[in-house]
Amino acid sequence: MDFNVKKLASDAGIFFTRAIQFTGEKFGQVEKTELDAHFENLLSRADSTKNWTEKIFRQTEVLLQPNPSSRIEEFLYEKLDRTVPSRPNNEELLGHYMQDAAKDFGPGTPYGSTLIKVGDCERRLGSVQREFLQTSAIGFLTPLRNFLEGDWRTISKERRLLENRRLDLDSCKARLKKAKLAESKAAAVPDFQETRPRNYVLSASASALWSEEVDKAEHELRVAQTEFDRQAEVTRLLLEGISSTHVNHLRCLHEFVEAQTAYYKQCHLHMQDLQKELDSSNGDVFPNVFAGNPGHSMASGGSSPLDPASAVETDTLKIEEVQAPATGTRKAKVLYDYDAADTSELSLLADELITVYTVPGMDSDWLVGERGNQKGKVPVTYLELLS
């Protein structure tokens, strides 16, 4: 029990000494040992690595799991060292609902059969996404988490220890400086004409005591300097290891990009297959759907958006044969320069004024523009229509 009390008192004394040194440094009353520029650069690089790794890790978590409640649930299960319950993701759930709806509407109906096809594709997309999330969590998130919860904690611990060693070193320097100053004062020869011999004896005794105090302070300084140098070397090695961390994270980043590429490629292939499957059935489905819908025909004699004739008309539209309507032309100011992609388009210069109008069968994102004798298609987004 006595040993524990003594250790507690010793630790309290050390803590008090460090607090005094730290406070004095903040007020500029005592000297502070500065680290070299290279060491400071290593510290700054390590802090930057930690901060950005933390931000990238958190945002990647949001990307892979946008639902904050699910992220909290996964975090709790991880801390409890339990497996997260397997649940269908949004795509799988949507596909399940579509297929259930098809059963209710009738899988033999056009709508029902299409729901089955789209639902099956959505479930495949959900399976691909699940694989992508698992791959990204293992190959990218886990190394980032290991750095933040492992390497960085070790670095932080050694940095705190280094700071304590520096405070001890500076306290020893201040104690030695104070002891030498007191020794020089005590060693001063007294004036025998004004001072009694007894005072001379006391002065000599005090000088010897301060000399012993100086020796003790010098010994403590050497010990503190050795411990500080050793801790600085340990911390330096850990900080230089940040370069290896960057190399490891670079490799993980490449793997993450590859996983994303494979994920989006698979999604694209699944959607292409679905689109082809739906297109192949459009000839059988849409005529049956619209045959009994008189309101779908154009009252003005125009073609339906699904009418192949309208597509042909748009594709074969010749700009040079288009005539400006009697009414409906407008002036437009060009906002940005635009280079024509082919002979059917009109090149534009920013801030110039042109005449524009639309013609039947043209994409709504384009207008016909005229500048003098020149004519061609122009993109609407590059124009400011004037009244």
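In case you missed it, the structure is sitting above this.
Residues numbered from 1 in each chain as written. Predicted model: local features only at pLDDT ≥ 70, side-chain atom pairs only at ≥ 80, totals over all residues. Heavy atoms only, no water.

**Examining the overall build of the protein chain**
The helix and strand tally for the protein chain stands at eight helices and five strands. From first element to last, N terminus to C terminus, the protein chain shows the α and β order α-α-α-α-α-α-α-α-β-β-β-β-β. Scored against the burial criterion, the 387 residues of the protein chain give a buried share of 28%. When contacts within the protein chain are restricted to residue pairs at least 6 apart in sequence, those whose partners lie at least 24 apart make up 69%. Surface accessibility of the protein chain: about 26,000 Å² in total, with carbon and sulfur atoms responsible for 56%. (Helix = DSSP H or I, 4+ residues; strand = E, 2+ residues; numbered from the N terminus. Buried < 20%, exposed > 50% of the residue type's maximum accessible area, 1.4 Å probe, protein only. Contact = heavy atoms within 4.5 Å. Areas by Shrake-Rupley, 256 points an atom, 1.4 Å probe, with all protein chains shown as cover.)

**A word on unusual backbone geometry**
Phi is positive for Asp351, which is not a glycine, with a value near 80°. Position of Asp351 relative to the elements: it lies in the loop between strand E1 (330-334) and strand E2 (353-357).

**Overview of the packing of helix H4 (residues 90-105) against helix H5 (residues 110-186)**
Between two packed helices, the angle of one axis relative to the other and the distance separating the axes together describe the packing. Across the interface, H4 lies against H5 with an axial gap of 7 Å and an inter-helix angle of 160°. Classed by the angle they form, the pair H4 and H5 counts as roughly antiparallel. The two elements H4 and H5 cross, and the hand of that crossing is left-handed. Classifying every residue of the contact of H4 with H5 gives ten nonpolar, eight polar and six charged. (Axes fitted to C-alpha atoms, helices over the stretch in contact; angles between N-to-C directions. Parallel < 35°, antiparallel > 145°, perpendicular 65-115°, else oblique. Left-handed = near helix turned anticlockwise from the far one by under 90°. Nonpolar A, V, L, I, M, F, W, Y, C, P; charged D, E, K, R; others polar.)

**As for the sheet that holds strand E3 (residues 366-371)**
Reading across the sheet, the five strands line up as E4-E3-E2-E1-E5 and stay open at both edges, with antiparallel pairing between neighbours. Where the open sheet ends on each side, the last strands, each with one partner, are strand E4 (374-379) and strand E5 (383-385). The average undirected angle you get between the axes of adjacent strands in this sheet is 40°. In the sheet, E3 pairs with E4 via six bridges, with the strands oriented antiparallel. Note that in E4 the partner of Gly369 across the bridge is Gly376. (Pairing = 2+ DSSP bridges.)

**Concerning a nonpolar patch on the surface**
Residues Ile72, Phe75 and Leu76 make up a contiguous nonpolar surface patch of roughly 300 Å² in combined accessible area. Within the element layout of this structure, Phe75 appears in helix H3 (residues 68-79). Among the residues examined, Phe75 registers a relative accessible area of 45% and is labelled partly exposed. (Patch = residues over 30% accessible without salt bridge, like charges linked within 9 Å, V, L, I, M, F, W, Y side chains within 5 Å. Salt bridge = Lys/Arg side-chain N within 4 Å of Asp/Glu carboxyl O.)

**Thoughts on the packing of helix H2 (residues 37-64) against H5**
One can describe the packing of H2 onto H5 by two numbers: an axis separation of 10 Å at closest approach and a directional angle of 150°. By the angle between their axes, H2 is roughly antiparallel relative to H5. Where H2 crosses over H5, the two elements pack in a sense that is left-handed. The residue makeup of the contact of H2 with H5, split by class, is 15 nonpolar, four polar and six charged.

**Considering the nonpolar core**
Grouped together as the largest cluster of nonpolar side chains are 40 residues, with contacts concentrated most on Phe39, Phe132 and Leu239. Broken down by secondary-structure element, the contributors of at least two residues to this core are H2, H4, H5, helix H6 (197-240) and helix H7 (242-291). For this core, the element with the most residues is H5, which contributes 18 residues. The residues contacting Phe39, other than those within four sequence positions of it, are Leu162, Ala232, Thr235, Arg236 and Leu239. (Core = buried A, V, L, I, M, F, W, Y, C linked by side-chain atoms within 4.5 Å.)

**Considerations on the pattern of salt bridges**
Per the stated rule, a full pass over the model turns up 14 salt bridges. The closest approach of N and O atoms between Glu61 and Arg58, which form a salt bridge, is 3.6 Å. You can see Glu61 and its partner Arg58 sitting in helix H2, three residues apart, about one turn around the helix. The class for Arg58 is partly exposed, based on a relative accessible area of 45%. A salt bridge links Arg371 to Glu352, with the shortest nitrogen-to-oxygen separation between them at 2.9 Å. Linking Arg371 in strand E3 with Glu352 in the loop between E1 and E2, this pair joins segments that are 19 residues apart in sequence. Taking relative accessible area as the criterion, Arg371 reaches 24% and is therefore assigned partly exposed. Linked through salt bridges whose partners overlap, the residues forming this network are Glu163, Arg166 and Asp170.

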